[in-house]
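# Chains, contacts and geometry: an overview
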Amino acid sequence: MVDVEREGSVARIFLNRPEKANALNSLALEELRHALRELGSDRSLRTLILGGRGRTFCGGADREELGKLTAETAAAFVTRIHEVCQAIRELPVPVVARLHGAVIGAGLEIAAACDLRVAAEGTRFAMPEVRLGIPSVVEAALLPRLMGSGRAAWLVLTGEAIDARRALEWGLIEEIGDEQVLLEHLLAADGEALRMQKQLLQLWEEAPLATSVTASIERFARLHK
């Protein structure tokens, strides 16, 4: 359900359930989490590209499994989605989401957990959970940080899709096209500085300004030892 490819210091992970629009079931989520954690220990890794096989990046959580969830199993299922997103954020190198076709629900949460997002022209983005009788949860909480609270609210409250052009205007993605130019920029950077910069970016999201500045000074000094 997940393919891993390696070319030098660049790894690529592909969701590989094209017959199911790469929908995420428990097995696919576990395979993806395992692949991410395996790569996390590789000091030679510089960048990870996350994509999907077939006509779409990810159609969201597997509807067959969603339909079987109970009060006893629901929390465990969404926790698996969170663990994948957390593994992406904990990976010490930049993760680029390579998006195409449809990016829906849990697939959009995984894309939001990546550091940068590049989408093909015509890609559609949606958070349709409210239409299925459930709220958007776990890493949907990253959407207001990326897009602003009003635009994130529009996505999760209406369930309507937006196209790649609007996603770019709203700040949900950084580029329309392919990832090649972005990848060249990332590989041109110093590897250790890049890892440290990812740590700082995440700290800046969550910590008070004074804490962020103090940590930035400490890391800057560390590079000069």
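Residues numbered from 1 in each chain as written. Predicted model: local features only at pLDDT ≥ 70, side-chain atom pairs only at ≥ 80, totals over all residues. Heavy atoms only, no water.

As a further point, take the pairing of strand β3 (residues 47-52). Most of β3 is tucked away: 6 of the 6 residues are buried. Along β3, one buried face is formed by T47, I49 and G51 and the opposite face, lined by L48, L50 and G52, is buried too. Examined bridge by bridge, strand β2 (residues 10-15) and β3 share 6 bridges and lie parallel to one another. Bridge pairing in β3 links R12 to I49. Handedness of the crossover joining β2 and β3 through helix α1 (residues 26-40): right-handed. Pairing analysis gives 3 bridges linking β3 to strand β4 (residues 95-99), with the strands arranged parallel. (Buried < 20%, exposed > 50% of the residue type's maximum accessible area, 1.4 Å probe, protein only. Helix = DSSP H or I, 4+ residues; strand = E, 2+ residues; numbered from the N terminus. Pairing = 2+ DSSP bridges. Right-handed = clockwise from strand over helix to strand, strands pointing away.)

Moving on, we get to the layout of surface pockets. Estimates place the volume of the largest pocket at around 480 Å³. Surrounding the largest pocket, 24 residues form its lining, A61, L66, E129, L132 and I134 being those nearest its centre. The set of elements that each furnish at least two residues to the lining of the largest pocket consists of α2 (63-67), α3 (74-90) and α4 (106-113). When grouped by side-chain class, the residues that make up the lining of the largest pocket number 15 nonpolar, 6 polar and 3 charged. Forming the boundary of the second largest pocket are R89, A112, A113, C114, D115, R117, L142, R145, L146, L201, Q202 and E205. Only α4, α5 (143-147) and α9 (191-206) provide two or more residues apiece to the lining of the second largest pocket. Classifying every residue of the lining of the second largest pocket by side-chain character gives 6 nonpolar, 1 polar and 5 charged. (1 Å grid on protein atoms, 1.4 Å probe; cavity = no way out; pocket = protein on both sides within 12 Å on 5 of 7 lines; lining within 4 Å. Points joined across faces, edges and corners; volume = space filled by probe spheres on them. Nonpolar A, V, L, I, M, F, W, Y, C, P; charged D, E, K, R; others polar.)

Below, the discussion takes up the environment of Q199. Within the fold, Q199 resides in helix α9. On the basis of relative accessibility, which here comes to 42%, the residue Q199 falls in the partly exposed class.

Once that is clear, we can look at the state of the cysteines. All chains considered together, the criterion is met by 0 disulfides. Distance from the sulfur of C58, which forms no disulfide, to the nearest cysteine sulfur (C85) is 10 Å. Classification of C58 by relative accessible area gives buried; the value is 0%. Between C85, a free cysteine, and C114, which holds the nearest cysteine sulfur, the sulfur-to-sulfur gap is 8.2 Å. Look at C85 and you get buried, because its relative accessible area is 0%. (Disulfide = S-S within 2.5 Å.)

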